[in-house]
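Coordinates in review
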Amino acid sequence: GTTTLSPVAILTAGGLAGMACWAVSIPPDVIKSRYQTAPDGMYNGLYDVYKTLMKEEGPKALFTGMRPAMIRAFPANAAGFMGMELARSMFAFLD
């Protein structure tokens, strides 16, 4: 059978899923951004960016921008999940 989730459950699931996604995505995103914004020839690839970052700024630098990403992730992904669930219920007649 099918289970109907409450709107609060859907919003919570979406918000937490978004936060989990960003928690694992921020470190590689920081490395990518540093590589993209560096002057040409500064790095010899992503691993070089990582090594330089660890040597000069330490592991904490991998989580630059985590707070704003988390603040945005919960409401944005909660709304996305809710929108998807509403759309799915509206088109349920097609099943």
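Our subject in this report is the structure included herewith. (Residues numbered from 1 in each chain as written. Predicted model: local features only at pLDDT ≥ 70, side-chain atom pairs only at ≥ 80, totals over all residues. Heavy atoms only, no water.)

1. Side note on the overall build of the protein
Secondary structure summary: the protein contains three helices and zero strands in total. Along the protein, helices and strands appear, N-terminal first, in the series α-α-α. The C-alpha atoms of the protein give 19 Å as radius of gyration, which overshoots the globular expectation for 95 residues (12 Å, by more than 25%). Over its C-alpha atoms, taken along the principal directions, the protein stretches across nearly 55 × 25 × 20 Å. Taken across its 95 residues, the protein has 25% of its residues classed as buried. For the protein, restricting intrachain contacts to residue pairs at least 6 apart in sequence, the fraction spanning at least 24 positions comes to 69%. Total accessible area on the protein is roughly 6900 Å²; 65% of this is exposed by carbon and sulfur atoms. Across the protein, 8 positive and 7 negative side-chain charges occur, with their mean positions spaced 7 Å apart. (Helix = DSSP H or I, 4+ residues; strand = E, 2+ residues; numbered from the N terminus. Rg over C-alpha atoms; globule rule 2.2 N^0.38 Å. Buried < 20%, exposed > 50% of the residue type's maximum accessible area, 1.4 Å probe, protein only. Contact = heavy atoms within 4.5 Å. Areas by Shrake-Rupley, 256 points an atom, 1.4 Å probe, with all protein chains shown as cover. Lys, Arg positive; Asp, Glu negative; His and termini not counted. Charge placed at Lys NZ, Arg CZ, Asp CG, Glu CD.)

2. Things to note about the layout of surface pockets
Space inside the largest pocket adds up to approximately 280 Å³. Residue assignment for the lining of the largest pocket shows that the elements contributing at least two residues are helix H1 (7–37) and helix H3 (66–90). Among the elements that line the lining of the largest pocket, the one with the most residues is H3, at five residues. (1 Å grid on protein atoms, 1.4 Å probe; cavity = no way out; pocket = protein on both sides within 12 Å on 5 of 7 lines; lining within 4 Å. Points joined across faces, edges and corners; volume = space filled by probe spheres on them.)

3. Thoughts on the packing of aromatic side chains
One pass over the structure, following the stated rule, counts two aromatic pairs. Ring plane angle 25° and centroid distance 6.1 Å describe the contact between Tyr 47 and Tyr 50, whose orientation is recorded as stacked. Taken together, the positions of Tyr 47 and Tyr 50, both in helix H2 (residues 46–56) and three residues apart, correspond to about one turn of that helix. Among the residues examined, Tyr 47 registers a relative accessible area of 58% and is labelled exposed. (Phe/Tyr/Trp six-rings, centres within 6.5 Å; stacked < 30°, edge-to-face > 60°.)

4. A word on the pattern of salt bridges
Following the criterion strictly, the structure yields three salt bridges and no others. In this structure, the salt-bridge partner of Glu 57 is Arg 34, at a minimum N-O distance of 2.7 Å. Pair noted here: Glu 57 is in the loop between H2 and H3 and Arg 34 is in helix H1, with a separation of 23 residues, a long-range link. Overall, the relative accessible area of 43% leaves Glu 57 in the partly exposed class. (Salt bridge = Lys/Arg side-chain N within 4 Å of Asp/Glu carboxyl O.)

5. Looking at the nonpolar core
One broad trend across soluble globular proteins is that nonpolar side chains are buried collectively. Ranked by size, the top nonpolar core spans 12 residues in total: Ile 26, Val 30, Ile 31, Ala 38, Tyr 43, Val 49, Leu 53, Ala 61, Leu 62, Met 66, Ala 69 and Met 70. Contributing elements (two or more residues each) for this core: H1, H2 and H3. (Core = buried A, V, L, I, M, F, W, Y, C linked by side-chain atoms within 4.5 Å.)

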